[in-house]
Amino acid sequence: MAPSAAHDDRRTPLPADAHVHSEWSWDSGSDPDAPGRMDRTCAQAVRIGLPALVFTEHVDLDPSWRAERGDLGGHADRYVGGDGYVHVPSFDLEGYLENIERCRTRFPELTILTGIEYGQPHLHDDLAAGLLSRGRFDRVNGSLHTLPFPEGGGSEDRTEPTTLYRHRSPADVMDSYLAEIPRMVEGSETFEVLTHIDYAVRSWPAEIAGPFDPRAFEEGFRSVMRSLAATGRALEMNTRRLWPWMPQWWAEEGGRAVAFGSDAHVPEGIAGGFREAAAMLEHVGFRPGDRPWDMWRR
Ligand SMILES: [Zn+2]
Ligand SMILES: [Zn+2]
């Protein structure tokens, strides 16, 4: 009798979810439902048979980050000040590490790794150096969340694509986003995985620009991938939205390593789309490592 798909699922271990947030991330911690979220996320991992998790909490250090009300969404909007600048609480490393240790004791069957999602590393390595050495994180994900925003009025102002789309043409915002990533890759060696290459697509204004067409920005995406591949670093297969072209172009541009990341901010979101993502990656030659938290390589 042929084994059922469900049976196969149990035999093939899922890769680690290497991009997960808990109440120790500023944008999750503002949620009244946040306390205990790291524990509940671990319990969910055990429930679905996920062998390993990396809690990569936000570290965003932009000193002049502009936003407009509603841009950060939900409870996080409270951090948009009356002055139009975002003021987020700093990362509580000690509280986070204590929670990690409690979860390791409570969930011995789960491998729990430490990490951060470090925003704009090319701009803040001096500021982050102390945290990075104290934390000795298992994984540092590098993210580009903001772009220069001279329209904001201050010379150092930056803002998220979601805000910028109201000030510039959609294509210009996307081009700017993709042009800055190679500068981030060249400007910082402190991150090992580039997260959500499609971050600016999340807020793409389809109502004025039509559905997002990756082929219109193919050269920009490929040039990001070439710059990252040249350093030997990994691209995240961010499963919030699954794009077959992403692993395909990454392989064609010389990419060798991939990490899986759901970018979940709630327990139910972990490992979302991982089976489909794994199939896409296998199709272009990526294979698992020995341990669930190893990068997939080709
Ligand atoms: Zn992010
Ligand atoms: Zn994230």
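Residues numbered from 1 in each chain as written. Chains lettered and ligands numbered in written order. Predicted model: local features only at pLDDT ≥ 70, side-chain atom pairs only at ≥ 80, totals over all residues. Heavy atoms only, no water.

A. Up close: the packing of aromatic side chains. What the rule picks out here adds up to 16 aromatic pairs. Consider the rings of Phe221 and Trp249, whose centres lie 6.4 Å apart with planes at 45°: the pair is tilted. Taken together, the positions of Phe221 in helix H10 (residues 218-230) and Trp249 in helix H11 (residues 245-252) put the pair 28 residues apart, joining distant regions of the chain. One exposure class covers both Phe221 and Trp249, and it is buried. Ring geometry for Trp245 versus Trp249: centroids 4.7 Å apart, planes at 40°, classification tilted. In this pair, Trp245 and Trp249 both sit in helix H11, 4 residues apart, roughly one turn of the helix. On the accessibility criterion, Trp245 (10% relative accessible area) is buried. Sitting over the ring of Tyr85, Arg66 keeps its end group 4.7 Å from the ring centre. It is Arg233 that lies over the ring of Phe191; its NZ or CZ is 4.5 Å from the centre. (Phe/Tyr/Trp six-rings, centres within 6.5 Å; stacked < 30°, edge-to-face > 60°. Helix = DSSP H or I, 4+ residues; strand = E, 2+ residues; numbered from the N terminus. Buried < 20%, exposed > 50% of the residue type's maximum accessible area, 1.4 Å probe, protein only. Lys NZ or Arg CZ within 6 Å of the ring centre and 35° of its normal.)

B. Representation of the side chain of Glu57 in the model. Structurally, Glu57 is set in strand S2 (residues 52-59). This buried residue, Glu57, is left without a salt bridge; Arg37 holds the nearest opposite charge, at 9.1 Å. A distance of 2.6 Å separates polar atoms of two side chains, one belonging to Glu57 and the other to Ser22. Reaching out from Glu57, the side chain makes a polar contact with the side chain of Ser25 at a distance of 2.5 Å. (Lys, Arg positive; Asp, Glu negative; His and termini not counted. Salt bridge = Lys/Arg side-chain N within 4 Å of Asp/Glu carboxyl O. Polar contact = N/O pair within 3.5 Å; in protein donor to acceptor, adjacent residues only side chain to side chain.)

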